[in-house]
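Residues per chain are reported as follows:
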2 protein chains.
Amino acid sequence: MCEFCGCGVKSVTVERDLREENLSWAFKVRSLFKESGSLSINLISSPGAGKTTLIKKTIELLGKRYKIAVIEGDIETDIDKKAIEKMNTPVFQINTKGACHLTSKQVFSACESLGIGSEPFDIVFIENVGNLVCPSSFYLGEDIRVTLLSTPEGDDKPMKYPEAFFGSHAVVITKMDLLPYVSFNVEKVKKALRKLNPGIKIFPVSSINGHGMEEWIKFIEGRIK
Amino acid sequence: MCEFCGCGVKSVTVERDLREENLSWAFKVRSLFKESGSLSINLISSPGAGKTTLIKKTIELLGKRYKIAVIEGDIETDIDKKAIEKMNTPVFQINTKGACHLTSKQVFSACESLGIGSEPFDIVFIENVGNLVCPSSFYLGEDIRVTLLSTPEGDDKPMKYPEAFFGSHAVVITKMDLLPYVSFNVEKVKKALRKLNPGIKIFPVSSINGHGMEEWIKFIEGRIK
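One structure accompanies this document, and this report is about it. In this text the structure is predicted, and so the values were computed from the model without any measurement. Every chain is numbered on its own, with residues counted from 1 as its sequence reads. Numbering of ligands from 1 and lettering of chains from A proceed in the order in which they are written. Two thresholds apply to this predicted model, a pLDDT of at least 70 for residue-level local features and 80 or more for giving and counting side-chain atom pairs, whereas whole-chain, interface and lining totals are computed over all residues. Only heavy atoms go into the side-chain values, all of them from the structure, while hydrogens and water stay out.

1. Section: the pairing of strand β5 (residues 144–150) of chain B
Residues and elements named next belong to chain B.
Here's step 1: Across the seven residues of β5, seven count as buried, placing the element largely inside the fold.
Here's step 2: Only protein chains enter the accessibility calculation, which uses a 1.4 Å probe; a residue is then buried when its area is under 20% of its type maximum, exposed when over 50%, and partly exposed in between. Strands here mean DSSP runs of E at least two residues long; helices mean DSSP runs of H or I at least four residues long; both are numbered from the N terminus. Every second residue of β5 is oriented toward a common face, with I144, V146, L148 and S150 on one face and R145, T147 and L149 on the other, all of them buried.
Here's step 3: Pairing between two strands requires that DSSP report at least two bridges joining them. Looking at chain direction, strand β1 (residues 39–44) and β5 are connected through four bridges and run parallel. Paired with N42 across the strands is R145, a residue of β5.
Here's step 4: The pairing of β5 with strand β6 (residues 170–174) spans five bridges and is classified as parallel. Note that in β6 the partner of T147 across the bridge is V171.

Here it is as structure tokens:
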């Protein structure tokens, strides 16, 4: 069984080599972020949970005070890249062409293209491919891993996809503006997340009406190097 | 690159063997469904798009006239199995323990446990693991593949995850009750889906208020063997 995404490929040696290769590139990425003095944040979620919208809202609130860059991961299209470009923020698009997660080697190339390491970026967002399973097995060299869970997805997701939440420093509960229309118990989710990961930070937010954004922004600002 | 889920494992021979093994089990599953006279439906979507809710609503509307069974695929938990059991419907839970999709071998075992092949089921739902990338590369022996897209996920998903929609016979646009509160253009999605797959059937539905369920039910009934 492939240990990276559990896809079923039975090649232990190749897996180990790939895991070591990914980790080796991840350390190079980490060094680049250190040289650049950047806080790097790997965003993981299901498709459509609001990763790009959260990045846009964060740029809107912090972009005047801090230098921000974005690495966009998608299987196809540069829709998200274009949305970030409109905010006059440096952005690099990675298209994985079928793969269900980013690799640290891809992120290293993106960092080089953006000049991370030579230019001083305060914050670098890495938006992973929309997938709640595969990206959690690939360390990209980030400082902070944040998993998003949108209220319409339902409050059973921390139990059903524990790996994604177990390995994260913070969870952003997105689309809080939809709470009156969906079946989602915030307290139940908080309890399940803290059972998986007692130290996890939890931010219920709405990028639409601004609910909870202050706490999220404080969390980021507190970690800028 | 692993051809199954694109996870990056570089083992061409192992991949080919696994692909052939999966296909060989898929044909066995297909034979079981044929013997049983069952219409089998493989449901694919992001986590929380409403697969279980759609199955429950379909059982509610068709369960008195047809014999239905459900195969539940999840990484962890039997939450969905318990929900189906409450409807007095035969159900078998597969826990993939980390893997991002079901395999035809797992489905074959589930069919045997449910007595498919010996007992005459009219409809068998296979609820795949919540993932818009990996399950689309694994044929499970199903008659119909249906991908769900929920309105809160956004209308760019057919462009961003083309494989999932390209290989499906039908798309169910779920959570139409949330349409007034989210940014989702149904016509844009229909156009994008038909560009990818001209013959695709599209059903905008709400399992909450029943919107569009009549067309979905007609589609299923028209294909019962």
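2. Some remarks on empty space enclosed by the protein
Here's step 1: Cavities and pockets are defined on a 1 Å grid built over the protein atoms alone: a cavity is a set of grid points where a 1.4 Å probe fits but cannot escape, while a pocket is an open set with protein on both sides within 12 Å along at least five of seven lines, and lining residues are those with an atom within 4 Å of any such point. Grid points are joined across faces, edges and corners, and a volume is the space filled by probe spheres set on the points. Summed over all chains, the structure comprises one cavity of 30 Å³ or more.
Here's step 2: The space that makes up the largest cavity amounts to roughly 50 Å³.
Here's step 3: Taken together, 13 residues line the largest cavity, and the ones lying closest to its centre are S150 and E153 of chain A together with G48, S150 and E153 of chain B.
Here's step 4: Note that Gly is not counted as nonpolar here; it falls among the polar residues with everything else outside the nonpolar set of Ala, Val, Leu, Ile, Met, Phe, Trp, Tyr, Cys and Pro and the charged set of Asp, Glu, Lys and Arg. Partitioned by chemical class, the residues of the lining of the largest cavity number five nonpolar, five polar and three charged.

3. Topic: the sheet that holds strand β2 (residues 68–74) of chain B
Residue and element names in this part refer to chain B.
Here's step 1: The sheet built from seven strands is open, its strands ordered β3-β2-β4-β1-β5-β6-β7 with parallel pairing. At either margin of the open sheet sits one strand with a lone partner, and together these are β3 (91–95) and β7 (201–204). Taken pair by pair, the neighbouring strands of this sheet meet at an average axis angle of 20°, ignoring direction.
Here's step 2: Two residues form a contact once any of their heavy atoms are found within 4.5 Å. Only the contacting stretch of a helix is used when fitting its axis, a line to C-alpha atoms as for every element, and angles between N-to-C directions run 0 to 180 degrees. Seen against the sheet, helix α4 (residues 104–114) touches β2, β3 and β4 (123–127) and runs at an angle of roughly 150° to β3.
Here's step 3: Seen against the sheet, helix α7 (residues 186–196) touches β5, β6 and β7 and runs at an angle of roughly 160° to β7.

4. Overview of unusual backbone geometry
Here's step 1: The backbone of T77 of chain A sits at a positive phi, close to 75°, despite the residue not being glycine.
Here's step 2: Note that T77 of chain A resides in the loop between β2 (68–74) and α3 (79–85).
Here's step 3: A positive phi angle, near 60°, is found at K175 of chain B, a position not held by glycine.
Here's step 4: With respect to the helices and strands, the residue K175 of chain B is situated in the loop between β6 and α7.

5. Brief notes about the sheet that holds strand β5 (residues 144–150) of chain A
Residues and elements named next belong to chain A.
Here's step 1: An order of β3-β2-β4-β1-β5-β6-β7 is seen for the seven strands of this open sheet, with the pairing classed as parallel. Looking at strand neighbours, the two that pair on one side only are β3 (91–95) and β7 (201–204), the edges of this open sheet. Here the strands of the sheet are splayed against their neighbours by 20° on average, with no regard to which way each runs.
Here's step 2: With five bridges connecting them, strand β1 (residues 39–44) and strand β4 (residues 123–127) associate as parallel partners. Counterpart to I41 in the pairing with β4 is F125.
Here's step 3: With respect to the sheet, helix α7 (residues 186–196) is in contact with β5, β6 (170–174) and β7, its orientation differing from that of β7 by roughly 160°.

6. Details of the nonpolar core
Here's step 1: Grouping buried Ala, Val, Leu, Ile, Met, Phe, Trp, Tyr and Cys residues that are joined through side-chain atoms within 4.5 Å yields what is termed a nonpolar core. With 42 residues, the main nonpolar core has F165 and I173 of chain A together with F165 and I173 of chain B as its most contacted residues.
Here's step 2: Taken together, the elements giving at least two residues each to this core come down to α6 (162–166), β6 and α7 of chain A together with α6 (162–166), β6 and α7 of chain B.
Here's step 3: For F165 of chain B, the residues in contact, after removing those within four places along its chain, are L132, T147, L149, K157, P158, V171, L193, L196, N197 and I200 of chain B.
Here's step 4: Listed in part, the 28 residues of the second largest apolar core include L43, A49, I123 and I220 of chain A.

7. A short note on the environment of S168 of chain A
Here's step 1: Counting through the fold element by element, S168 of chain A comes out in the loop between α6 and β6.
Here's step 2: What S168 of chain A contacts, discounting residues up to four positions off in sequence, is R145, V146, T147, N197 and I200 of chain A.

8. Digging into the pattern of salt bridges
Two side chains with opposite charge may pair up if their charged atoms get near one another.
Here's step 1: Any carboxyl oxygen of Asp or Glu within 4 Å of a side-chain nitrogen of Lys or Arg constitutes a salt bridge here. Evaluated as defined, the whole model comprises 30 salt bridges over all chains.
Here's step 2: A salt bridge links E76 of chain A to K97 of chain A; its shortest N-O distance comes to 3.5 Å. Placement of the pair is E76 of chain A in the loop between β2 and α3 and K97 of chain A in the loop between β3 and α4 (104–114), with a sequence separation of 21 residues.
Here's step 3: Between R145 of chain B and E142 of chain B there is a salt bridge; the shortest N-O distance is 3.0 Å.

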